[in-house]
Amino acid sequence: MANDVTYYREVNDKHQTQCLWKEITINTGGSLTNQKDVKFLDLAGGYAFKGSDHLFSCTRNRFIYWRTSDNVVELSEVSFDFNLHNQNLRITFSENSIISGISIIEAGSNVVALLCTVTSVHRLLFHHPSALHAHEIFELGTETVIPSIFADVSNKVIQNPANFHNINLGGGHTAYQIHAGDGYLTDDGEAVFALAVQNGTILIVRMPPLGSRGSCVQHEIKQSGVMSRFLGGLVPSLIRGQEANSGITNIALEQCSDGLVVLATCRDNKLRMWSSVNYEFLGAIDLLQHVPDSVEQMNKNAGGTGHVIKTFQRELYNSVFVAVFLSFANKCQFVIYDITYDMGKYQPAHITTLFGIEGNLVDYFVTSSRIWTLWTLRTGEPSVRYADINGHKRREWIEVPVCASENLELDVVNQPYDPREVFLNRIFHLGQFSPAVILKAIKLYRRSTEATHFGKTFSSIPLKILKSEVCQAVETEILQEVGDQEMAEEDYVQLQLQQWSKFYSCCVQYHERGMKPLGIFSDESTGLIGIIKKSTVGFLYPCPVVDQIYLGDVLPSDDEFIRDHPGFELDVGEFDNLAVLGRCLRKIRNCVEEETAIAFENGLLNCGNPDDLINDAVKVLQDVTREDVVRDIEMELNRSHNVLRSIEILTEILDVALLRYDRQSEDEMIDETIDSLGHVFASATGIGIMAEIFRQTAVTRFEVARDLLILVKLLPHAINRGHLSVKGLKLNDLTFQLGFLIRCYYLLKWCSESLAIQEATSSCENIQKQLEILGLPKHPHTASILKQLGEQHLTLLEVFLNGDGGIKVREQLRNILPPDQGVCAFWKQALLPMISMSARLVWPSVSGFVFPQSLVGYGQHLALQSYASLLRDWCDCDTSSRQFVVGQVFLSCNEPYKALDCFLSAAHDVMVEEFLIGFMSLATTDPKHIEVQYYLKLINLFEEFDYPHLVVELARFAKNIAEPDDPNLPTLWSKIFKNELEMGHSNEAYNAMMGNPDLARRKDCLRQFLVVLCERNELSTLVDLPYQDTVNNLEPEVVKILESRSVSADLAKQNCYDLLYAFHVKRNNYRRAGSIMYDYGVRIRSEVPGLKGLQRQAKCYLACMNALKLGDPKFRWIVKPVTGRASGTAEPGDDEAESPPKRLCQEDDLEGLLKLQKRRVEVLGIAEIEKEYAVVHAHLMLLQRTEQASVLARSTLRPDETVGLLTNAGMFDLAFELCQLFSLSMVSVFEGVILRCIWLSKGSTSLTSPVDNQYTIDAWTWLQYNEQFSSTMAKEAGRAPDCAWRLLQLYLEKYEEKSGRYHRCVASTALQQGFSLPSWFLLSYKKINAAELLHLYLQHGLLEDATDLATEYILATMGKGKEYFGLDDYLHAGANPVWLPYTSIDHLLQALGDFKAKDQHFAELYFQLSSTLDDYFKMLKSTTADTLVMLRNS
C-alpha cells in the first residue's frame, strides 16, 4: 500500500537574483557605542498574505519575504500571478543593528512590519494590496504591471515619529543590553514589543494605535521569586519560582485567549511565560523532561545557536503551538507543545520530540501539521528536512533535495574543445550563474572597483555583451601574464586553463555566497514553502510521482498518484513492483558516468538513434568490474512479481500523451472564475518557477527513460544466465517505445534549457504579416515578450508560457478545479498539473501544434529549425505542419527557395493535420480543390514578400493540377499575369491574360496590362499585340480603356492620345486615328497653356489632317467632340465650343458623355480642321516671335482677335491669310500696315540718312516676319521706311478688291494722320477710284490736292492722261459716256469760291478748276452735237 509521505524538490527563483532596490536610510538619533563588538546573526523569514488561496483575492499566491544583516533589512514582495514593480525595499538603520526578525501583520488597509534594533523599535506601514488594486485586477492582461505595496514608500513615511520609539534603559550601554526581541500587533492596532535584556529582564514597549494621541509606554518585567500562579496539569518537574542561570536566550509574543503572552526560553532550559497585559508571571515549563537521560547527563548549557522558540497560532486563540529548539554541546532536539487556556489556566500538552541532525540549524518553521527545518551540514552544504507532528503520522525527518553548489572541478584536459569554449558554456549554461554573480566575479577577478559599465541593471544586459565582457577580462589577464615573452603552445594552453579556472572559481564563490540559506517559511493555505537565501529565494514543490519513484526510497501516496496521473489505477502489488523497479533504476543511475551521459545527449542532439547510443552505457554495466551491480539489480528484479508489467506501467506513466485532464464537473464556471484562473502563475516569477520545475521534471524523466532502456537492454543477458525469468518479453517493442520517450523528454529538456534569441524587428514583423495573410490568429503579448527578450535571458519554454502556452494551460486548469470552488491550494492542487499540461502541449506526439506556432510567432526562428531537425527522423505527428512553419521562418529570413521547398513538401497533408486544416478554412472536400486553395495561400504569401517568379511557379503548378471546372482557375491565371507583368515579361503576361477563362478578370487584367505598358513606355509592344485569338477579341476593350484613360488623364503628365493614334494607324483605321488626334488637340487648347501646348496642338491638327488624307476619300471627316452648347454652331476659338469632354463630365462618367453626344453631332471635314490649324499656327507664331504669351495664355482667342494680335505684332502675312481663310475683313490689317509705315517714316532720322535708329531697327524685325518681304526688296529699297511702304504696296496689289475699299482705308488712315499719300499709292488709287480719292481730299480739307486731282480727272475724261485714271475711253463722239463726280467738284468750287476773296492762291485754284471745267463743258457740248449728228445720219 502506498504511504502518506510527500517528497519535495527545490526550485530557485532566478528573477530575485537580478532585482533593483529602493534604498531608504533611517537615523533614529539613538546612541550606539562599540557596535563592532556586538554581532547579530543574519536572519530571514516570510509572510503569506491572508486569503492567499482565495481565487478572487488580490492577495492570492502572493507573499513577502525579508532578510536582516547587521543594520540592513531587505523587504521583497512576490506575486506568482501578477507582475509587480518597485517590489524591493532596502532600509538601512544608521549606526544601529537589527536584533531579531520581522513580524508582519495585516491590519485593515495596511500591512504592518514590526522590527527591533538595539536602540529602537519600529512600526513600518505599507498599503495593503486590497487598498491598491480594485476587484477588476483579474480583467487586466497578464502582461500588465501593478504596483507593489512598497512602490510608494518614502523616507518621510518610514521615519514618522509616531511609528518608532528610541529605547531608554539607562547606563549608556544600550547596544550591549538588548539581544533578542519580538513584536506583535493587537486587534485594536496597538504595537507591542518584547525585548530581552542581558540582565535577565524583559522590556515591554507599547506603541499606541495609528491615529491615537497616546505616546509609547515602556515597562520592565523582572523575574519574580514567587510565581503569579501555577500551571495546572503540569508534571512534577515543573520549576516554580526563580531559577539560577535564567538568562533569556530567545523571546516570542503570541496571542492567547487571556491576552498577549510573552514566551521566553532561558539558559536554565525553561520556557517561561508572562502576561503583557498585567506583566504577571504565568509559569514555566521544564524543557528537559522530554530529553532522554543520555542527553540530560551531558552539558545542557545552551550552545551553538542557542535555544530558539517558534510559535504557531491556532484558530480562535484557544491554542498555540510552541516549538523550542534545544541546542546542547553535542546534541540538539525539538520539543513541541500545544498550550491551551482553559478554566483560567494555561495548560501545556507535549506533542512530540524530534532529534536534530548533525549540523547547524539555520532556521525552522512550524505549521499545524509539520515542522520545517533548514540546516547547514558539516560539509557546508544546506539541507532541508521536514517532519509531520500530527499524532497519526510517523515522526521522522524527510530530506528535501536542494540545489547543490557548483563543483569547481571541470574536466577540460580530456575534452576536445578550447578551454575558453568549455568554461563559457559552463558559466553561461542556463540557470548556472545570474548576471549579477558574473559581474561581481569580473570585478573580483580584475581586482578593480570599476569592472564594468553596466551599473546595477543586471537584468537588461544582453547575453552577447556579457560574454564579451567576460572574455575581455580573462584575455586581458592572460596578455598581462604573457607580456613580451614567447611561450610554447602547451604552456599557453596551461595558462589559459589556469586563468579561466580562476575566473570560474570567482563565479562559484559568489554563487555559493548568494545561495547561502538564511530562513524558511511556509503557507499552509497554498502549500508554499520558501527558502530565503542571501541573494535569491528557493521554493519547495511536491515531487512528481515518477521523480519519487526514481529519486526517493518511498512510494507516493494514492492521492499524489491520482493528482499526477488521472485515470491510472494501481493495486498494492503494482506499487511494490514499482518500488523494486525504482531501486534498480537508482543503481543504474549511479553507474552511468558523466562522460557517457554527455555523449548520449550529444548523440540525440545530432539525431542519433537512442537504441544505438545506449550501447556504450550497457557495455559499462556489463564490464567485469560492475558485475556486483548487475547482480544486485538481478536480485532486486527477482523480488518483483511481474517485472515486465512494472516496466510497462512506468512506460505508460512516462508517456505524457496518455494524460487526460477532462472536466470533473458538467457545471459551467462563471466568467469571474474564468478570468481569475487566467492569471494563475502568470507573472514573470510564476512563469520562471514553472519553467524551472518543468526543466527539472524533464531532466529527471529523461534519465528515467534512459536508465529504463539500459535495464531493458540488460534483461536478455540476465535471462540467458538464468538469473531472471521474464515471460512475454518483447524487447523490440520496449526499446522502440523507450527510445521514443527518450527523444520526447530530450526535446522537453532542450526547450526548457535553450535560450530564446531576440530576432531583428524586421523578421518579427515579417512573421506577423504572414499570420495576417494566412488568416492565423496573432500570438498574444507579442510586444511585451519581445521587449522581455531584450531585457532578460528567457528560455524557449518561458517564452511559450508567457504567451500561447500559458493561456492554454490556464484554460485547461478549469478542468481540474470544481466550478464552485472559491479556494485553491496553488502549490498542491494547481502547480504540478499545470506542469504536466505544459509538457503535453510541447509533447511532439500530441496534436495541437501549439509550441511550434509559438516559436514562429515570437521570432524564435533558429530554435524552430533546431526543433524541426530534432523531430525529423522519428516523429510522424504534424510532419507537414512542421515543414510549413519552417517555411514561414525561411520566408521571413529572405530565403524564399528554401521556404518554397518546405511549403511544397507540406502540401500532401493539407487535409490531414489539424494545423493545416485550421488555417485553410475548408468549404469543400475535393482534394484537388483543397490543394489548389493551399497553393493560393502560398501565392498570397510570396506576393506579399515580393517574389513574383516564385508566385508564377506556384500558380502554374496549381493550374496544372486544378480541374477544368475549378473556380480558382481564373484567380491562378490572374496571379500568373500579374507577376509576369511585374517582372517585365510582357508577352508572357499577355498570354496569361488571353488564357484567363473569366471575361471579367480578363478585362481587369487588360486594363492593368495597358496601364503598366504605358508606364514602362513599352508602347511598341502595346500597339503590336493583336489582342484577339480564335475565341476572344479584346480590341474594342483596348480602345475603350485607352480612350477612358485619355479622357481622365492629366495631359501635363500622361498622353494616351498618341498611343491611340498609333494603335488605329497600325490597324489602318485612319479616320478614327484622325478623330483621336483632333480630340487631343481640343483638350490641349484648354489644359496645356503656353508655347508647348500650342506646339502639341498644332502637331495634333497636322496629324489629324494627315490621317484623314490617307484614308478613303469618302470617310475624310470626323465627328466633333461634344460641347456644352445646346444648339447653334460655334465659331472656331469659342471657349465653350472647344471645351474638351473632360470639362463636361466626370473622368469615368462615360454614360453622361454618350448622352451629350446623342444631343448634337457636328461633322468636321479637312477644311474646317485646316482653319483651326491656321489659328493655332498663328498663335504659335505669336508666342515664338512676340511677347503676347500672357494674352494667349489667358483664354482661347477667336480668329478676328487673332488677326488683331497678328496686326499689332507686325505679322501681316498671317493676318491676311486668316482673313482670307475665315472671310474676314482686311481693313484692320491694312490700317495696321499704313500706321506702321507712317510711324516709321516719321521716326526716321532723315529721309536720306542711311543710318538706322530704334524705329528702323524695330521695323526690320517685324518686316522680316512677313514672307512678302525679301532681302531683294531690302536691297532695292535700302531703307526700312521704303521697305515698309513697298510691303504695303505689295499687299494692296495682292488683296485689293475692285471696290478699292482697302485703298480707301489706307488713304483715310494716312490722311487722318496728316501724312501725304505716296505717289505710287495715288497712281494706284486713281486707277481704282479717283472720285473716292477726291471725296477723301474734300473730307480732310485738302483743297489744293483736291483741285489738282479734279483738274487731272477732268482732263483725263477729255482724253489727256486717261490711262492714269484707269479710263477705257474719253469724251468724244461715239464713245461711251464718261462720268464725273459733279457733286464733289461742286463742293470743291464752292469751297474755293469761299476762300478766293481772301487768298490769292485759292483764287488761282478756283480759276484753274473753273476754266478746266468750262473747257470740259464746251467739249461736252461739241461732243453732244456730234453724237446727235451721228445718230441722225445713222
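Located above this text is the structure these notes cover.
Residues numbered from 1 in each chain as written. Predicted model: local features only at pLDDT ≥ 70, side-chain atom pairs only at ≥ 80, totals over all residues. Heavy atoms only, no water.

Please provide a residue-by-residue account of helix α5 (residues 419–427), values included.
Note on helix geometry: an α-helix contains 3.6 residues per turn, so any two residues three or four positions apart are oriented the same way. Among the residues of α5, Pro419, Val422, Phe423, Leu424 and Ile427 are the ones counted as buried. Here the buried face of α5 lies against α6 (435–446), α7 (463–482) and α8 (489–514). (Buried < 20%, exposed > 50% of the residue type's maximum accessible area, 1.4 Å probe, protein only. Helix = DSSP H or I, 4+ residues; strand = E, 2+ residues; numbered from the N terminus. Contact = heavy atoms within 4.5 Å.)

Explain the sheet that holds strand β30 (residues 528–533) residue by residue, including any values.
Strand order in the open sheet formed by four strands is β1-β31-β30-β29, and the pairing between neighbours is antiparallel. What marks the edges here is a single partner per strand, and that holds for β1 (8–13) and β29 (517–523). Direction aside, neighbouring strands of the sheet carry axes that sit 25° apart on average. Bridge count for β1 against strand β31 (residues 537–542) is six bridges, and the pairing is antiparallel. Considered in β31, the bridge of Tyr8 is made with Pro542. (Pairing = 2+ DSSP bridges. Axes fitted to C-alpha atoms, helices over the stretch in contact; angles between N-to-C directions.)

Can you lay out the sheet that holds strand β4 (residues 62–69) for me, pointing to particular residues and giving the numbers?
Spatially, β2-β7-β5-β4-β3 is the arrangement adopted by the five strands of the open sheet, whose pairing is mixed. Whereas interior strands pair on both sides, the edge strands pair on one side only; in this sheet they are β2 (22–26) and β3 (43–48). Taking each pair of neighbouring strands and ignoring which way they run, the sheet shows an average axis angle of 15°. Note that β3 and β4 share six bridges and pair antiparallel. Of the residues in β4, the one forming a bridge with Ala44 is Arg67.

With reference to specific residues and values, describe the side chain of Ser276.
In this fold, Ser276 is placed in the loop between β19 (270–275) and β20 (281–286). On the basis of relative accessibility, which here comes to 1%, the residue Ser276 falls in the buried class. Discounting residues that sit within four places of it in the chain, Ser276 has contacts with Arg206, Leu260, Val261 and Val262.

Account for the pattern of salt bridges, naming residues and giving values.
Enumeration according to the criterion identifies 45 salt bridges in this entry. Ionic pairing is found between Arg385 and Glu399, a salt bridge with its closest N-O pair at 3.6 Å. Placement of Arg385 in strand β27 (residues 382–388) and of Glu399 in strand β28 (residues 398–400) is noted, with a sequence separation of 14 residues between them. A relative accessible area of 43% means that Glu399 is categorised as partly exposed. Here the residues in one salt-bridge network are Glu601, Glu692, Arg695, Lys749 and Glu753, joined through shared partners. (Salt bridge = Lys/Arg side-chain N within 4 Å of Asp/Glu carboxyl O.)

Could you give an account of the packing of aromatic side chains, with specific residues and numbers?
Counted according to the given criterion, the structure contains 57 aromatic pairs. Ring geometry for Phe80 and Trp827: centres 5.3 Å apart, planes at 70°, overall edge-to-face. Highlighted residues: Phe80 in the loop between β5 (72–79) and β6 (83–85) and Trp827 in helix α24 (residues 826–842), separated in sequence by 747 residues. Every member of this aromatic cluster is reached through a ring pair, and the members are Phe849, Phe884, Phe903, Phe915, Tyr934, Tyr935, Phe942, Tyr947 and Phe957. The positively charged end of Arg589 is found above the aromatic ring belonging to Tyr550, 5.0 Å away from the centroid. Seen from the ring of Phe1063, Arg1067 lies directly overhead, with NZ or CZ sitting 3.7 Å from the centre. (Phe/Tyr/Trp six-rings, centres within 6.5 Å; stacked < 30°, edge-to-face > 60°. Lys NZ or Arg CZ within 6 Å of the ring centre and 35° of its normal.)

Pulling in residues and values, what's your account of helix α32 (residues 969–982)?
The terminal C-alpha atoms of α32, which comprises 14 residues, lie 20 Å apart, in line with the 20 Å expected from a rise of 1.5 Å per residue. Of all 14 residues in α32, twelve are buried, a share of seventy percent or more. The set of residues buried in α32 consists of Leu969, Pro970, Thr971, Leu972, Trp973, Ser974, Lys975, Ile976, Phe977, Asn979, Glu980 and Leu981. Contact partners of the buried residues in α32: α30 (927–944), α31 (948–961), α33 (986–995) and α34 (999–1016). (Expected span 1.5 Å × (residues − 1).)

By themselves, these figures tell us nothing about what the structure is for.
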